[in-house]
Amino acid sequence: MFASPTLEELNPEQHLAAVHTGSPLLIVAGAGTGKTKTLAARVIRLIDEGADPNRILLLTFTRRSASEMIGRVTAASTNRSASKVWGGTFHSTANRLLRNFGQSAGLTAGFTVLDQADSTDLMGMARTEEGFGERSKRFPRKETIAGIYSRMVNSQAKLSDVLDKDYPWVADHQDDLKTIFTTYTAQKRKHQVLDYDDLLLFWRALTVSPAGNSLRDLFDHILIDEYQDTNPIQSDIIRGMCRGADQPHPTDLCAVGDDAQAIYGFRSATVANMWAFADHFAGATIVALEQNYRSTMPILQVANEVLNQPLTAAINRAKPAKRRQGEDQPNPAVKADTVADSAMPAAFRKELWSTKTTGLTPVLAVHHDEGAQSRSVADSVLAARERGIDLREQAVLFRAGHHSDGLELELARRDIPFVKYGGLKYLESAHVKDLLALLRLLDNPADTLAWHRVLPMMDGIGPATIRRLVDELGIDEQAPDSVSKFIDGTGKVPSAARPQADELRQALGECPSSSSEGTTSGGLTVAEQIDRLKPFCQMVFANRYDNAAARLADIDQLAATASAYNNRSRFLTELTLDPPSKTSEQAGPPHLDDDWLTLSTIHSAKGGEWKAVHLLHASDGNIPSDMAVGDKDGLAEELRLLYVALTRAKDELTVNVPLRYHVNRFGTDDRHLYGQISRFIEPVRHHFHEVSGDSGPSDDQIVDLNPVGLADEVDTLLHSLWD
């Protein structure tokens, strides 16, 4: 059940933000200050005062956030229509609007949305088509090319600038990349498909087109969550969707964010959008929320000082993050004058405070090496459990996914169950993508990528047969009847594939072909279509994958998800834009213990909270990452990343620092690099209780192995066979 916020439950600053009217509003909400509660209270107040829910747009960065917000609003509002608030992510809202207004932008209503993996595959097809995969000299892979393209589009930066800053090793291929991008774009338009970036680009284009006024007239109130995570395109969209103060009935705009938690620069998000809010929206009011309801004051004291420390001091403390044993030559440090003196403008400085004035002092644990860190963290986790803090109320956080490798081995040895956040998404699983490709064919017969995934699923169909079938079915010519032709028998397949092709033709023929409705008269629902396609999947999965039974179970789960939809196109799009996290295969076998420890990168942990947090590898080169210390914006973002990690803790916080990093981490030699405490932690060490972690056995320690003779061991084994 969602808590239902009322104005009476809000503190003075939250109340001010919830009732403000008359000008654009920016709520600067520090970590744990109740921003969701405040934003929900504002929406409830708008509806209860007569606002039409259909004319309220609530933009978030995850569908879960939107659902939680609308759930709170629906539970608290007296208006039965409260659930009709337009809530969703930027991309899902863009899809919804483009389905209605896309014709004004030259789009058909039946366009297909590509997920990131499919976009990368299409980029690879463009790379191959232009002959760049056949050169004798190494050429960037499709994943790198897709990353360059997305960074360029979302940051709205020139290709040359993106290459110089982020991909200097690819700079020599700039002209070739232009050719690939041109072909990639042409293929998307030809086959009526949009990638994630296109959704935002077309939405922005609509706001400045003749259809712009119609878009702006849809909403009287626009609210945006996590505004610090918007990119330049999204900022343009918000401005384009708002009626200005000089127009009749200006749009009521409210944005919520925390510039101190702006940590997604690698996705082209820019905190500058938040800092420039008052410049973008004339007469804007800014309200700050600083009362924290999550952490104790000892934890907040550390977080506040970390965040507000001068960056120039951090640069002056810069030394080589790690150096080989015996080396004294430091790496060149970043010049102090290359970085601003603070991670944020003075107007946005904040001091979090809490009524929980007492609590345990945060611990700074310094360890001999990574192995000692793993043993010590496992000890700390179990000790906290004995004190009454369940495993699920604890989290281990780290900067990069591989930083937990050693700890995972130690946890497995100790029989401590854990869940690690990160890894493959549900839709990145090959067998799920196979089924979705079948549905995409029904929705958009011109989807070349879907055809190229479906055809080789059948036995004996290779590249030559695929090229022939593509020609016979008219797929490259965008023949609208390519699926119908295949159902009717066009396209000869190898004898090994005939039973599978016959089953597929029959299954496709029994499913509705129109993308405009999920069922036809007497037809199949979306879930029933998946069930009807499952026998074909069963036929091909056995030869295509290991553990086919588990993969078919995922198809059943997909059908269960589809039961909530009566429109196939909407199901495909929403699943693409906001997929479930993992399949049963990636999650591993179920654990009988209902308690588990959370392992997570800091980026994935944003928005979470735990009673006890254990932070790994708080050493220079890890936090901050050695990839960021030469860039002023990168260093500032690393500082904010540490702040996010610290503010996840409610009651207990332990920061772990290994002093040695072995070159061969799981080998027997002793070659190692030296680490040092993070430059961000060094100036606040006085706020920690410092301890020395497990240092491992000393060089002269004699280990008693309690040996037994081999004969005794063999005899014991033999006796066990009959005793």
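Here the structure is a predicted model, which is why all the values come from computation and not from measurement. Per chain, residue numbering runs from 1 following the sequence as it is written. In keeping with the predicted nature of the model, local features appear solely for residues at pLDDT of at least 70, side-chain atom pairs appear and are counted solely at 80 or more, and the whole-chain, interface and lining totals rest on all residues. Side-chain calculation: all heavy atoms of the structure are included, whereas hydrogens and water are not.

Caption draft 1: Fine view of the overall build of the protein chain. Working definition: helices are DSSP H or I runs of at least four residues, strands are E runs of at least two. Numbering for both runs from the N terminus. Looking only at helices and strands, one finds 29 helices and 18 strands in the protein chain. Sequence-distant contacts, at least 24 apart, represent 79% of the contacts inside the protein chain between residues at least 6 apart. All accessible-area figures derive from a Shrake-Rupley calculation using a 1.4 Å probe, and residue coverage is judged against the displayed protein chains alone. Summed over all atoms, the accessible surface of the protein chain reaches about 32,800 Å², with 50% contributed by carbon and sulfur. Contact definition: two residues touch when any of their heavy atoms are within 4.5 Å.

Caption draft 2: Quick peek at the environment of leucine 397. With respect to the helices and strands, the residue leucine 397 is situated in strand β11 (residues 394–398). Per-residue accessibility, obtained with a 1.4 Å probe over protein chains only, is compared with the maximum for each type, and a residue is labelled buried under 20%, exposed over 50%, and partly exposed between these values. The class for leucine 397 is buried, based on a relative accessible area of 0%. Separated by 248 residues in sequence, leucine 397 and alanine 645 place their C-alpha atoms 7.1 Å apart. If we ignore the near neighbours within four places in the chain, the residues touching leucine 397 are Ser600, Ile602, Ala605, Trp610, Val613, His614, Leu615, Leu616, Ala645 and Arg648.

Caption draft 3: Representation of the side chain of glutamate 226. Inspection of the secondary structure puts glutamate 226 in the loop between β6 (221–224) and α11 (232–241). In this structure glutamate 226 comes out as buried when scored by relative accessible area, which is 17%. Here a polar contact is recorded for every N or O atom pair within 3.5 Å, except that within protein the pair must consist of a potential hydrogen donor and a potential acceptor, and residues adjacent in sequence are included only if both atoms are side-chain atoms. At a separation of 2.7 Å, a polar atom in the side chain of glutamate 226 contacts the side chain of glutamine 228. With residues up to four places along the chain from it excluded, the contact list for glutamate 226 reads Lys35, Phe61, Val256 and Lys606.

Caption draft 4: Just the sheet that holds strand β10 (residues 363–367), in detail. For two strands to be treated as a pair, DSSP must find at least two bridges joining them. Across the sheet, which stays open at both edges, the 7 strands sit in the order β12-β13-β11-β14-β15-β10-β18 with parallel pairing between neighbours. Looking at which strands have only one partner, the edges of the open sheet turn out to be β12 (418–421) and β18 (689–692). Taken over all neighbouring pairs, the strand axes of this sheet differ in orientation by 20° on average, direction set aside. Alignment of β12 against strand β13 (residues 597–601), held across 4 bridges, turns out to be parallel. Paired with phenylalanine 418 across the strands is leucine 597, a residue of β13. What counts as an axis is a line fitted to C-alpha atoms, over the stretch in contact for a helix, and the angles between N-to-C directions run from 0 to 180 degrees.

Caption draft 5: Quick look at the packing of aromatic side chains. For Phe, Tyr and Trp, rings pair up if their centres lie within 6.5 Å, where Trp contributes its six-membered ring, and each pair is then called stacked (planes under 30 degrees apart), edge-to-face (over 60) or tilted (otherwise). Evaluation of the coordinates by the stated rule reveals 12 aromatic pairs. Ring geometry for phenylalanine 277 and phenylalanine 281: centres 4.9 Å apart, planes at 45°, overall tilted. Exposure class is identical for phenylalanine 277 and phenylalanine 281. Each is buried. Both rings, one in tyrosine 565 and one in phenylalanine 571, keep their centres 5.4 Å apart while their planes meet at 65°; by these two values the pair is edge-to-face. Residue tyrosine 565 is classed as buried on the basis of its relative accessible area, which comes to 15%.

Caption draft 6: Region of interest: the pairing of β6. Side-chain alternation along β6 places His221 and Leu223 on one buried face and Ile222 and Ile224 on a second face that is also buried. Relative to strand β7 (residues 252–257), β6 runs parallel, the two being bridged by 4 bridges. In the strand pairing of β7, leucine 223 is matched with cysteine 254. Note on handedness: a clockwise path from strand one over the helix to strand two, with the strands aimed away from the viewer, defines a right-handed crossover. With respect to chirality, the unit in which β6 leads through α11 into the neighbouring parallel β7 is right-handed.

Caption draft 7: Quick peek at the packing of helix α1 (residues 12–19) against helix α2 (residues 35–48). Running from amino to carboxyl end, α1 crosses α2 at an angle of 40°, the nearest separation of the two axes being 8 Å. Considering their axes alone, α1 and α2 lie oblique with respect to each other. Between α1 and α2 the crossing geometry is right-handed. On the side of α1, the interface is formed by Gln14, Ala17, Ala18 and Val19, while α2 contributes Thr38, Ala41, Arg42 and Arg45. Roughly parallel here means an angle under 35 degrees, roughly antiparallel means over 145, roughly perpendicular means 65 to 115, and every remaining angle is called oblique. Each crossing is labelled by how the near helix is turned from the far one, with a counterclockwise turn of less than a right angle marking it left-handed and a clockwise turn marking it right-handed.

Caption draft 8: Highlighting helix α3 (residues 63–76). For α3, built from 14 residues, the straight-helix expectation of 20 Å at 1.5 Å per residue is met to within 8% by its first-to-last C-alpha distance of 20 Å. Where α3 is concerned, the buried positions are Ala66, Met69, Ile70, Gly71, Arg72 and Val73. As for α3, its buried residues are in contact with α2, β2 (56–60) and β3 (86–89). Every helix has an expected span of 1.5 Å times one less than the residues it contains.

Caption draft 9: The pattern of salt bridges, seen in detail. What counts as a salt bridge is simple: a side-chain nitrogen of Lys or Arg found within 4 Å of a carboxyl oxygen of Asp or Glu. One pass over the structure, following the stated rule, counts 44 salt bridges. Here arginine 42 and aspartate 252 are joined by a salt bridge, their closest N and O atoms 3.2 Å apart. Highlighted residues: arginine 42 in helix α2 and aspartate 252 in strand β7, separated in sequence by 210 residues. Across this residue pair, the class does not change: arginine 42 and aspartate 252 are buried. For arginine 392, the salt bridge identified is with aspartate 390, shortest N-O distance 3.6 Å. Relative accessible area serves as the criterion here: at 41%, arginine 392 is assigned to the partly exposed category.

Caption draft 10: Structural context of empty space enclosed by the protein. Buriedness for pockets is judged along seven lines, at least five of which must meet protein on both sides within 12 Å for an open set on the 1 Å grid over protein atoms alone, while cavities are sets there where a 1.4 Å probe fits but cannot get out, and lining residues have an atom within 4 Å of a point. Grid points are joined across faces, edges and corners, and a volume is the space filled by probe spheres set on the points. Tallied over the full model, the rule gives 2 cavities of 30 Å³ or more. Arg99, Phe111, Thr112, Val113, Arg440, Asp443, Ser569, Leu572, Thr573 and Thr576 are the residues that line the largest cavity. Within the residue set of the lining of the largest cavity, elements represented by two or more residues are β4 (112–113), α18 (430–443) and α25 (568–577). Here the lining of the largest cavity takes 4 residues from α25, the largest share from any one element. Classification used: nonpolar for Ala, Val, Leu, Ile, Met, Phe, Trp, Tyr, Cys and Pro, charged for Asp, Glu, Lys and Arg, polar for all others including Gly. Considered class by class, the residues forming the lining of the largest cavity number 3 nonpolar, 4 polar and 3 charged. Taken as a whole, the second largest cavity holds about 40 Å³ of empty space. If you go around the second largest cavity, the residues you meet are Leu114, Leu122, Gln187, His191, Val193, Asp447, Thr448 and Leu449. Residue classes in the lining of the second largest cavity are distributed as 4 nonpolar, 3 polar and 1 charged.

Caption draft 11: Quick look at the sheet that holds strand β8 (residues 285–289). Taking strand neighbours across the sheet as the criterion, the 6 strands line up as β3-β2-β6-β7-β1-β8 in an open arrangement whose pairing is parallel. Each edge of the open sheet is held by one strand with a lone partner, namely β3 and β8. Averaged over all adjacent pairs, the angle separating strand axes in this sheet is 15°, with direction ignored. Bridge count between β2 and β3: 4 bridges; the pairing is parallel. Looking at the pairing, leucine 57 lines up with tryptophan 86 of β3.

Caption draft 12: How the structure looks around the environment of alanine 146. Secondary-structure assignment places alanine 146 in helix α6 (residues 142–155). With near-sequence residues (within four places) excluded, alanine 146 lies in contact with Thr120 and Met123.

Caption draft 13: Local environment of the nonpolar core. Here the nonpolar core consists of buried residues drawn from Ala, Val, Leu, Ile, Met, Phe, Trp, Tyr and Cys, with membership extended through side-chain atoms lying within 4.5 Å. Ranked by size, the top nonpolar core spans 60 residues in total, and within it Ile148, Phe181, Trp203 and Ile224 carry the most contacts. The element that contributes the greatest number of residues to this core is helix α9 (residues 196–207), accounting for 6 residues. Once residues lying within four places of it in the same chain are set aside, the contact partners of phenylalanine 181 are Met123, Ile145, Ile148, Tyr149, Met152 and Leu159.

Caption draft 14: Representation of the confidence of the model for the protein chain. Looking at the protein chain, the pLDDT average stands at 82 and 83% of residues meet or exceed 70. As a per-residue measure, pLDDT tells how confident the predictor is, with possible values from 0 to 100. Looking over the protein chain, one finds the lowest element-wise mean pLDDT in helix α26 (residues 584–587), namely 34, and the highest in strand β14 (residues 610–615), namely 97. Counting interchain partners and residues more than four positions distant, the pLDDT-below-50 stretch residues 581–592 has 20 contacts. Low pLDDT (under 50) marks residues 695–709, which in the prediction has 4 contacts with non-local residues, meaning those over four places away or in another chain.

Caption draft 15: Expanded view of the pairing of strand β1 (residues 25–29). Counting buried positions over the 5 residues of β1 gives 5, a clear majority of the element. Both faces of β1 are covered, namely the face carrying Leu25, Ile27 and Ala29 and the face carrying Leu26 and Val28. Direction of pairing for β1 relative to β8: parallel, over a ladder of 5 bridges. From the neighbouring strand, alanine 29 faces β8, where its bridge partner is leucine 289.

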